[in-house]
Amino acid sequence: MMMVKGKICGRRSKTWSGFCANSGNCNRQCRTWEKALHGACHAKFPGVACFCYFRC
């Protein structure tokens, strides 16, 4: 029997506003407010945004 691990999908945070300078704060907000697995700051034109990662 073959085991398949869950795929992780990311999307821009729906609760974060403004420039994302600290991935730790982004991670905490994604996990607490959006029930994501984790979060991180990533460059996204026109600046840096908080992205949350979920199982798809």
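An unreviewed UniProt entry annotates the chain as Plant defensin of Trema orientale.

A. Region of the structure containing the nonpolar core. In this structure, Cys20, Cys26, Cys30, Ala36, Cys41, Cys50, Cys52 and Phe54 together form the largest nonpolar core, which totals 8 residues. Put simply, the parts of the chain that give this core at least two residues each are α1 (23-33) and β3 (47-55). No other element matches β3, which puts 3 residues into this core. Those residues in contact with Cys52, other than ones at most four positions away along the chain, are Cys9, Gly10, Arg11, Ser13, Cys30, Glu34, Ala36, His38 and Gly39.

B. Molecular detail of the UniProt feature "domain: Knottins-like" (unreviewed entry) in the chain. Per the UniProt record, "domain: Knottins-like" (unreviewed entry) is annotated on residues 8-56. Here residues 8-56 is 22% helix and 43% strand, with 6 Å between the C-alpha atoms at its ends.

C. Quick look at the environment of Cys50. Note on placement: Cys50 falls in strand β3. For Cys50, a relative accessible area of 1% translates into the label buried. Sequence separation of Cys50 and Gly39 is 11 residues, and the distance between their C-alpha atoms is 6.8 Å. Discounting residues that sit within four places of it in the chain, Cys50 has contacts with Arg11, Arg12, Ser13, Trp16, Cys20, Cys26, Cys30, Ala40 and Cys41.

Calculation rules
- Residues numbered from 1 in each chain as written.
- Predicted model: local features only at pLDDT ≥ 70, side-chain atom pairs only at ≥ 80, totals over all residues.
- Heavy atoms only, no water.
- Core = buried A, V, L, I, M, F, W, Y, C linked by side-chain atoms within 4.5 Å.
- Buried < 20%, exposed > 50% of the residue type's maximum accessible area, 1.4 Å probe, protein only.
- Helix = DSSP H or I, 4+ residues; strand = E, 2+ residues; numbered from the N terminus.
- Contact = heavy atoms within 4.5 Å.
- UniProt positions renumbered as here; feature names shortened; annotations may be inferred.

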